[in-house]
Amino acid sequence: MTDKIDFHADDVVVRKSACYFCHQNCGVLAYVKDGKLIYAEGDPDHPTNAGGLCTRGNQAMTFVDNPSRINYPMKRAGKKGENKWERVSWDQALTEIAAKLNQIKEESGPEAVAAAAGTLRTDDWARRRVLNFVGTPNGFHNALLCWIPTFMIETAISGWSPFETDLGTSKCVVLWGMNPGASSMPGAHGYFDLQKANGMKLIVVDPRYTETAAHADLWLPLRPGSDAALSLAMLNVILNEFLYDFDFVENWCTDIDELRDHMEPYTPEWAAPLTWLDPEQIREAARMYATNRPGNMQWADTWDQLGRSASAGTQARAIMRAICGNLDVPGGDGMPGPAAYVTDEELERNDVLPDEVKSKQIGSDKYKLTTFPGYERLAEISRRKWGKAFTAEWMCEAHGPSVFKAIITGDPYQVRALFCSGTNPISSYGDSKMVWEALKKVEFMVVLEYFMTPTALMADYVLPVAGAMERPVVHTNYGVTDSIVASERAIDPLYERKSDYDIWRELGLACGQGKEAWPYDSLEEELFHVIEPLGMPVSSYDEFVEKYRMYYPPVRYKKHEARGQFCTNTGKVELNSTVFQEFGYPGMPTYLGAPENEVDDPEVAEEYPIVLTTGGGFMPFHHSEHFNNPIIRYIKPDPFFTINPELAEKLDIKDGDWCWIETRRGRMKQRANVEPAIDPRAIYTQRGWWFPERDWNDPDQPFGCLESNTNVITSVDDEHCDPLTGCWANRGLMCKVYKCTAIDHEFTHEDAQFSIPGSDFATKGAGVHSMPHEQKMAREFAEPIFAQPDTEVPEGFAWDYKTRRIYEESTGMTLDPSGWLIDEAGTYYQQGTHFKYVNYNGDFLLDEANGKYYDFSGNPSEGPQYAGAELPAGVTWNPVTLTTVHDKTGFRYDGDSGWVIDDATGTYYDVANGWKYENVNGVDYLHDVQGDAWYDMQYNAVAAPQN
Amino acid sequence: MTRYAMVMDTRRCIGCQSCTIACRTWNELPIDIIYNPVVSEGAEGTWPNVHMNFTPMICMHCAKPACVPACPTGASRQDDDGIVWVEPTQCMGCKVCANACPYGARDYTKSEGFMRKCTFCKDRVREGEQPYCVKTCHQKARIFGDLDDPNSEVSKLVGKFKTERIHEDLGTEPQVYYIRDLGGRG
Amino acid sequence: MKRFWGWELATYLFLGGLGGGMLTFAMVLDLIVYPGAATSSILVWGVFIALIVLAVGTGLLIFELGQPKVFYRAFVTRTAVIKWGAVLLSIAMIFAVLFILWEITWFSMLPFIPYEGLADFFLVIAGIAGFLVMVYTGTMIASLKGRPFWATPALPVLFTVSALSTGAALLSLCVGAFPLPMEWLQIPFNTIEGAELIEGMKHFLHMADAILIVLELLVLLLYVMLQFCASNKYAKAIADRWVRGSWAFTFWGLMVTCGLVIPLIFNVFGGMSPVGAIVSPVMALLGGWLLRFMILWSCERRLDNGEEKFYTRLPQKREPFMDYWEEGREYWTWVNPAQAAAEEPKTAAAAE
């Protein structure tokens, strides 16, 4: 490459760009000549990667000018699946899309529009803004499999998710289901260095033996999906052996004794058969974590991919962090809190989304914490206590699988339009066959993409999106951290690609959203608006990137001590969460088994004896991306699942054999990687596989998108989803494995059929067997504390689930059980007449429209009389405002002091003349301002005092 | 004198193959050619007592290379700083060197017709930069430098740790040194 | 694991050895066994076939090169084994040509009368060069010390014996044949004396072949068994494949039985019958060819831990996704079909 291009030449500009093939957003130096990208390399000055780049990052160049990139807006010309396309202009595409959206909105309401998006690949706040202005609550990501359940649970318990772990002085790090060796690589070597340098203990919880487990001080190879049992048992040990931080618990936590009683049954002996671990291993882990303080636990995807057992485990871990005194201390789990710059939440314009559609958000009736009910409750607490809230995008979204089910079944209502931006739901959501059916069926679909994915094939419009080098990239951890790392656009988008901000903005404008919604013309301008509050001496976003690139606020530990409270409902770390209880969910961690397991479902385990775990990342791919890059694909041409030699021998499987992996949902095939890296009772499958080189006209699975797709066999049935957060199960399912044979090696038409619920496929075959609303949940909610009252809601009134009150629709005032209306300030009004209740020297009703008073019988009344001593001359009583007014000055007469007071300035005047009281050099004067005359306090004229 | 060498700290290597891909991209290699794979047997042992090691491979730039004397055309050559490389215009594509190399460091694709091998990124190195695989390694598992300079990092590492070289018994004196974590887990 | 050399090289090694062996035997017959004027002309056709064999072999070698244009560079270095091979091949071929030219009548039409005795000299040179070519084919492979199955001193011996045996076999088919008009020869051999000579030579070659086959059997079995019992696990694995693995039938059935034992039996007991004279040499030739294939396909390198796993999981053949790269634009052309359709109108408009 050096031979061909001199990238140190004078006319080559170096731009500080960023990679965005994963969440790390490593810094990239882009060398640009004449507006063309000629070379890209890792930025040595970037804090994340220090010059390094991984497999994916090194594909920056090939990504920009990849011939298979989509470069022009395209419109479907034939029927769905015919794969005929015509190129259209941006104008035409956006106008037509906007017209269709407005039509659907008109006919079926805005909630019939849904939108899926890929992982941190778009300017999500821009998307949310469009959706908010359209008026739909049904935006979603794969958020429920990735951090959001954890964030919301931890925020409910301790006020903010303590995700900014501080490794530097840590004495113990728990990597729970996390393999930085494969996922967040630039950070991985840090752990191993610290182990050597600080004697830091490293605990790895992972059913697989991985690159990371290789370095652990203690490795817990648990049964996949039994993480909840392990964390409950560890919490039990910490509580019963009194290993926690007494001071912290005493001062900052609630209900420790209740918690200890509640956790009593979850002993290590109880957990041992569930987790396949030895009770002593669990004790050792608990002791190692609790006694090596400060310690921290790194979040991992695993926590959110366990299905119905997820929230109990996360709750227990959140409590462990807290009671061991690790919250917000050096070397512990840092809580950043909201940022000083304009946060994503503020950019989203959630204020314009009407309340009545919020309750129509799909999934909000089932999974309350990660949808509007939970979000609004927690965001309200956060706004009250921190001043700002976390994003609604990610944290408050429709339940994706339920949206797909709604498209198929029309339950709870028909979703008619779907946006997919930078996502390939067939690969990334659970129960792919069902998702694929939904994509085929949805009436109107718009896809914003880089490449032609199986999803894009079903679209009505495919819009070309600009990649990382072609747009600025901002890294703010989903908009919930207080730091910012910014990168600039290296080149303008090639061909007719547009950055997704521009697409969303222009679509919004085409839909009739005006300047109010989109005050800025470009992403850079909007981002400059974001960083402006930081007060940096820069005049543009690009200048910020060039000069500073990042902003990290000064690190402050133990913010709760300075503030006097945690940002929770009660101001303390809630070991027994009041918010959960409000939703009718146990306030303390309460065990639910893995979605399918040999203890709870022995009959399932008989047919499907092997434990399946999936969803873990593997190099060099990221989710379903890069399968169409031959450079990368050459290294990993085929999908492999890992199986222990012992099990492989029993099943007569040899290394490299193609095998079927089957669950109750169906089957898919991968090749066997026979390796003792996993327990003989379990297997691990790779995710994300599709084959871009295959036939795109295959009606059952274009691009081979189902054949080796592990999500064909995962479950999104409601009873397998976490009842609190809605995350579904990738791990700990039950499966069987058998070799592909000569007559049974093709993925057939029958294999591609779906069923709802998915788990009925094996027994009842394809088809919809029960509607989504009939499906059972893993745990039914107890009666919520703030349940809707049985009393009928009168005409003109409505129940607001969010604030849990009946309110009058015309005025928004709350209906009190007493029959009175109460406004936001707490003032009472009479129902019907809306006369204000005035209690002053008797009870009166005031008609604020004309200032007339009535008594309770409805007869006109003189109104309240002044309650104080007799008023001096020149002072009038105003019964409407209930004030005494000095006629001459118009200011308030204060009956207690006898002075007239200008409340705005705090100036005093005398009642008789309206002269101003002044104190000059310690002497009191009255000053006639108009006549410019001075008097002493006995009304004798005096000379003007000299200063 | 300069004697370029590389140290592979396999304790740091996580097998991500970033170097493999980076090299393919930087050198614009044909699709089926790999200069520096990262290889591993995967987990070894019996569950759960297993261990795993990764070995980043590359041309060993041997002090006594087997490939250079095997070349009938003189296209394969070794410079004074130890870098072994092939001049593509002089190579007739007989592939005897690829068969001579005990490390699989040479590769060939029919459409090009000449032998390819790692050059330690000699263009970069001679301008004072790191080879591209070293630059891209975010784990700092690949360390490159001048073995004749006692202050270089490679000299220090080779002096400090017990290192091993691959197929040392063949007498090729490979110049890539491996620091192994022999303890496995723990 | 990538195999760099294919059928061309295997055939070249076989043909090189074969031609070398033929020249060697021609030299031995001409100078030692039957010294006399007529011998040379009886051997002309054999030498011609040897020349063709070497030429085809060399042609295959050059054809197989990645950049045949640069072939001349094979002569510029000093030490490489393969360079010596090229030189020896050239010498053998040049002197074989000279020998043939000297033996046919056209030559007497030249304005000067060349010294006739030179023909024997040329054959000696060609014969010695041919012998060295035989040895070289084995030495070249055996010098590749990264390949455990090859890098033994026994391989040149095996190749030489095999080359001599096949050379004797093919030469026995050529002795006495001359499909061109006999007048072209300076000394026609369609005489009684000539017939006796031919008979004698064939007998000699059959006997030599029989001995060589016995030798080859011994060397081959020793070679494979030594590898089989070797401490080197890679060589051992390959030998295992030969002896009792996936190649056992090819090795024992085709190569040992059909390529060596049966020709040996025919040689010893078949005498001058058509079976002995034609079938047996052909089988021996095919056996020798197979040997080169089997050796060349046993090219596994000594591997470091994990290399095998890595390489066996790479695409083993040309997968469809790889072709995006080779054809087309800067990196690869999988021109997205949708986009190709979309871009078409633009291209058409530009063309107009």
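Rules and cut-offs
Residues numbered from 1 in each chain as written. Chains lettered and ligands numbered in written order. Predicted model: local features only at pLDDT ≥ 70, side-chain atom pairs only at ≥ 80, totals over all residues. Heavy atoms only, no water. Helix = DSSP H or I, 4+ residues; strand = E, 2+ residues; numbered from the N terminus. Contact = heavy atoms within 4.5 Å. Pairing = 2+ DSSP bridges. Domains from an automatic or database assignment. Patch = residues over 30% accessible without salt bridge, like charges linked within 9 Å, V, L, I, M, F, W, Y side chains within 5 Å. Areas by Shrake-Rupley, 256 points an atom, 1.4 Å probe, with all protein chains shown as cover. Salt bridge = Lys/Arg side-chain N within 4 Å of Asp/Glu carboxyl O. Phe/Tyr/Trp six-rings, centres within 6.5 Å; stacked < 30°, edge-to-face > 60°. Buried < 20%, exposed > 50% of the residue type's maximum accessible area, 1.4 Å probe, protein only. Lys NZ or Arg CZ within 6 Å of the ring centre and 35° of its normal. 1 Å grid on protein atoms, 1.4 Å probe; cavity = no way out; pocket = protein on both sides within 12 Å on 5 of 7 lines; lining within 4 Å. Points joined across faces, edges and corners; volume = space filled by probe spheres on them. Nonpolar A, V, L, I, M, F, W, Y, C, P; charged D, E, K, R; others polar. Axes fitted to C-alpha atoms, helices over the stretch in contact; angles between N-to-C directions. Buried area = accessible area lost by both parts, 1.4 Å probe. Polar contact = N/O pair within 3.5 Å; in protein donor to acceptor, adjacent residues only side chain to side chain. Parallel < 35°, antiparallel > 145°, perpendicular 65-115°, else oblique. Left-handed = near helix turned anticlockwise from the far one by under 90°. Core = buried A, V, L, I, M, F, W, Y, C linked by side-chain atoms within 4.5 Å. pLDDT = per-residue confidence, 0-100. Arc of directions from axis to C-beta.

1. Side note on the side chain of serine 158 of chain A
Inference 1: Here serine 158 of chain A is to be found in helix α4 (residues 148-158).
Inference 2: Other than its neighbours up to four places away in sequence, serine 158 of chain A contacts Leu327, Met335, Phe566, Thr568 and Val573 of chain A.

2. Thoughts on the sheet that holds strand β7 (residues 139-140) of chain A
Residues and elements named next belong to chain A.
Inference 1: Ordered in space as β5-β4-β16-β15-β14-β6-β7, the 7 strands form an open sheet in which the pairing is mixed. Edge positions in the sheet fall to β5 (85-87) and β7, since each has one partner strand and no second.
Inference 2: Examined bridge by bridge, strand β14 (residues 417-421) and strand β15 (residues 444-449) share 5 bridges and lie parallel to one another. Across the sheet, residue alanine 417 finds its bridge partner in β15, namely phenylalanine 444.

3. As for the domain arrangement of chain A
Frequently, the measure chosen for interface size is the accessible area that the parts lose on association.
Inference 1: According to the domain assignment, chain A consists of domain 1 (12-64), domain 2 (74-149 + 338-551), domain 3 (162-334), domain 4 (602-773), domain 5 (797-861) and domain 6 (875-942).
Inference 2: Using C-alpha coordinates to define each centre, domain 4 of chain A is positioned 61 Å away from domain 5 of chain A.

4. What to know about a nonpolar patch on the surface
Inference 1: Taken together, Val275, Ile278, Val279, Val282, Leu286 and Trp289 of chain C make up a surface patch of nonpolar side chains, about 480 Å² in accessible area.
Inference 2: With respect to the secondary-structure elements, valine 275 of chain C resides in helix α9 (residues 274-296).

5. What to know about the packing of aromatic side chains
All names here are of chain A.
Inference 1: Here the structure, examined in full by the defined rule, presents 73 aromatic pairs over all chains.
Inference 2: When the centroid spacing of 4.9 Å and the interplanar angle of 75 degrees are considered together, the rings of phenylalanine 21 and phenylalanine 63 count as edge-to-face. Of this pair, phenylalanine 21 sits in the loop between β1 (12-18) and β2 (27-33) while phenylalanine 63 sits in helix α1 (residues 60-64); the two residues are 42 residues apart in sequence, bridging distant segments of the chain.
Inference 3: Assessed through its relative accessible area of 4%, phenylalanine 21 is described here as buried.
Inference 4: Arranged with centres 5.3 Å apart and planes meeting at 70 degrees, the rings of phenylalanine 151 and phenylalanine 390 form a pair that is edge-to-face. Of this pair, phenylalanine 151 sits in helix α4 while phenylalanine 390 sits in the loop between α14 (372-386) and α15 (400-409), and the two are 239 residues apart along the sequence. Across the pair, phenylalanine 390 and phenylalanine 151 agree in class, each one buried.
Inference 5: Put simply, the rings of Trp147, Phe151, Trp160, Phe163, Trp299, Tyr375, Trp386 and Phe390 touch in pairs and so form one group of aromatic residues.
Inference 6: When the ring centre of tyrosine 684 is taken as reference, the NZ or CZ atom of arginine 208 above it lies at 3.9 Å.
Inference 7: Its end group placed over the ring of tryptophan 176, arginine 317 keeps NZ or CZ at 4.6 Å from the ring centre.

6. Some remarks on the layout of surface pockets
All names here are of chain B.
Inference 1: Taken as a whole, the second largest pocket spans an internal volume of roughly 890 Å³.
Inference 2: Here the element with the most residues in the lining of the second largest pocket is strand β8 (residues 106-108); it accounts for 3 residues.
Inference 3: Broken down by class, the residue content of the lining of the second largest pocket amounts to 12 nonpolar, 5 polar and 13 charged.

7. Examining the sheet that holds β1 of chain A
Residue and element names in this part refer to chain A.
Inference 1: Taken together, the 3 strands give an open sheet; going across it, the order is β1-β2-β3, and neighbouring strands pair in antiparallel fashion. The outermost strands of the open sheet, each flanked by one partner alone, are β1 and β3 (36-42). Sheet twist, expressed as the mean angle between neighbouring strand axes with direction ignored, is 30 degrees.
Inference 2: One ladder, built from 7 bridges, connects β1 with β2; its direction is antiparallel. The residue bridging valine 14 from the neighbouring strand is tyrosine 31, located in β2.

8. Concerning the interface of chain C and chain B
Inference 1: The interface is formed by 41 residues belonging to chain C together with 52 residues belonging to chain B.
Inference 2: Summing both sides of the interface, chain C and chain B together bury roughly 3700 Å²; the carbon and sulfur share of this comes to 55%.
Inference 3: Viewed at the interface, chain B and chain C are joined by 3 salt bridges.
Inference 4: Between aspartate 304 of chain C and arginine 180 of chain B there is a salt bridge, with the nearest N and O atoms lying 3.8 Å from each other.
Inference 5: At the junction of chain C with chain B, the criterion picks out 17 residue pairs in polar contact (both at pLDDT 80 or more).
Inference 6: Broken down by secondary-structure element, the contributors of at least two residues to the side of chain C that touches chain B are α3 (81-103), α10 (307-312) and α11 (323-326) of chain C.

9. Concerning the packing of helix α8 (residues 248-270) of chain C against α9 of chain C
All names here are of chain C.
Inference 1: At a minimum axis separation of 8 Å, α8 and α9 run at an interaxial angle of 150 degrees. One way to sum up the angle between α8 and α9 is to call them roughly antiparallel. In this structure, the crossing between α8 and α9 has a hand that is left-handed. Only Val275, Gly276, Val279, Ser280, Met283, Ala284, Gly287, Leu290, Leu291 and Met294 of α9 make contact with α8, whose side of the interface consists of Thr250, Phe251, Leu254, Met255, Cys258, Gly259, Ile262, Pro263, Phe266, Asn267 and Gly270.

10. Quick notes on empty space enclosed by the protein
Inference 1: A complete count under the given rule lists 18 cavities of 30 Å³ or more for this structure.
Inference 2: Forming the boundary of the largest cavity are 33 residues, of which Lys636, Asn673 and Glu675 of chain A, Phe54 of chain B together with Arg313 of chain C lie nearest the centre.
Inference 3: Of all the secondary-structure elements, those providing two or more residues to the lining of the largest cavity are β21 (640-643) of chain A, β2 (38-39) of chain B together with α10 of chain C.
Inference 4: For the lining of the largest cavity, the residue count by class is 15 nonpolar, 11 polar and 7 charged.
Inference 5: Here the lining of the largest cavity spans two domains, since at least three of its residues come from each of domain 3 (162-334) and domain 4 (602-773) of chain A.

11. Things to note about the nonpolar core
Inference 1: In this structure, Tyr209, Ile238, Ile323, Phe404, Leu418 and Ile683 of chain A are the most contacted members of the largest nonpolar core, which totals 236 residues.
Inference 2: If one sorts the elements of this core by residue count, helix α6 (residues 227-240) of chain A sits on top with 9 residues.
Inference 3: Not counting the four nearest positions on each side in its chain, isoleucine 683 of chain A is found in contact with Ile610, Val611, Leu612, Thr613, Phe641, Thr642, Ile643, Leu647, Ile661, Ile678, Cys735 and Val737 of chain A.
Inference 4: Within the second largest apolar cluster, 104 residues are counted, among which are Val161, Leu170, Leu185 and Phe228 of chain C.

12. Describing the confidence of the model for chain C
Residues and elements named next belong to chain C.
Inference 1: Across chain C, the average pLDDT comes to 83, with 87% of residues at or above 70.
Inference 2: pLDDT under 50 marks residues 327-335. Its contacts with residues more than four places away, or in other chains, come to 33 contacts.
Inference 3: The low-confidence segment residues 346-352, where pLDDT is below 50, has 2 contacts with residues more than four positions distant or belonging to other chains.
Inference 4: Among the prediction metrics, the complex's ipTM stands at 0.93, with pTM recorded as 0.83.

13. Some words on the pairing of strand β12 (residues 176-179) of chain B
Regular strands show a simple pattern: their side chains alternate between the two faces of the sheet.
All names here are of chain B.
Inference 1: The alternating pattern of β12 places Val176 and Tyr178 on one face and Tyr177 and Ile179 on the opposite face, and all of these are buried.
Inference 2: Where strand β1 (residues 4-9) lies against β12, 4 bridges are found, and the strand directions are parallel. Bridge pairing in β12 links valine 7 to tyrosine 177.
Inference 3: Pairing between strand β11 (residues 163-164) and β12: 2 bridges, direction antiparallel. Note on β12: the bridge partner recorded for glutamate 164 is tyrosine 178.

14. Description of the environment of glycine 863 of chain A
All names here are of chain A.
Inference 1: Mapped onto the elements, glycine 863 comes out in the loop between β36 (860-861) and β37 (875-878).
Inference 2: The exposure class of glycine 863 is buried, given its relative accessible area of 6%.
Inference 3: Residues glycine 863 and phenylalanine 844, 19 residues apart in the sequence, show an inter-C-alpha distance of 6.5 Å.

15. Some remarks on the environment of arginine 505 of chain A
Residues and elements named next belong to chain A.
Inference 1: Within the element layout of this structure, arginine 505 appears in helix α19 (residues 500-510).
Inference 2: Residue arginine 505 is classed as buried on the basis of its relative accessible area of 11%.
Inference 3: As a C-alpha pair, arginine 505 and alanine 126 span 379 residues in sequence and 7.2 Å in three-dimensional space.
Inference 4: With residues up to four places along the chain from it excluded, the contact list for arginine 505 reads Trp518, Tyr520 and Asp521.
Inference 5: Here the side chain of arginine 505 touches aspartate 521 through a polar contact of 3.3 Å, side chain to side chain.

16. Some points on helix α6 (residues 153-160) of chain B
Residue and element names in this part refer to chain B.
Inference 1: Buried within α6 we find Val154, Ser155 and Leu157. Buried residues of α6, seen end-on, are gathered within an arc of 165 degrees and therefore sit on one face of the element. In α6, the exposed positions that point more than 90 degrees away from the buried face belong to Glu153, Lys156, Gly159 and Lys160.
Inference 2: For α6, the secondary structure elements touched by its buried residues are β1, β10 (142-146), β11 and β12.

17. Observations regarding the pairing of strand β6 (residues 113-117) of chain A
All names here are of chain A.
Inference 1: Summarising burial for β6: 5 of the 5 residues are buried, a large majority.
Inference 2: Every second residue of β6 is oriented toward a common face, with Val113, Ala115 and Ala117 on one face and Ala114 and Ala116 on the other, all of them buried.
Inference 3: Inspection of the sheet shows β6 paired to β14 by 5 bridges, in the parallel sense. Within the sheet, the bridge partner assigned to alanine 117 lies in β14 and is serine 421.
Inference 4: In terms of strand pairing, β6 meets β7 through 2 bridges, oriented parallel. Within the sheet, the bridge partner assigned to alanine 115 lies in β7 and is glycine 139.

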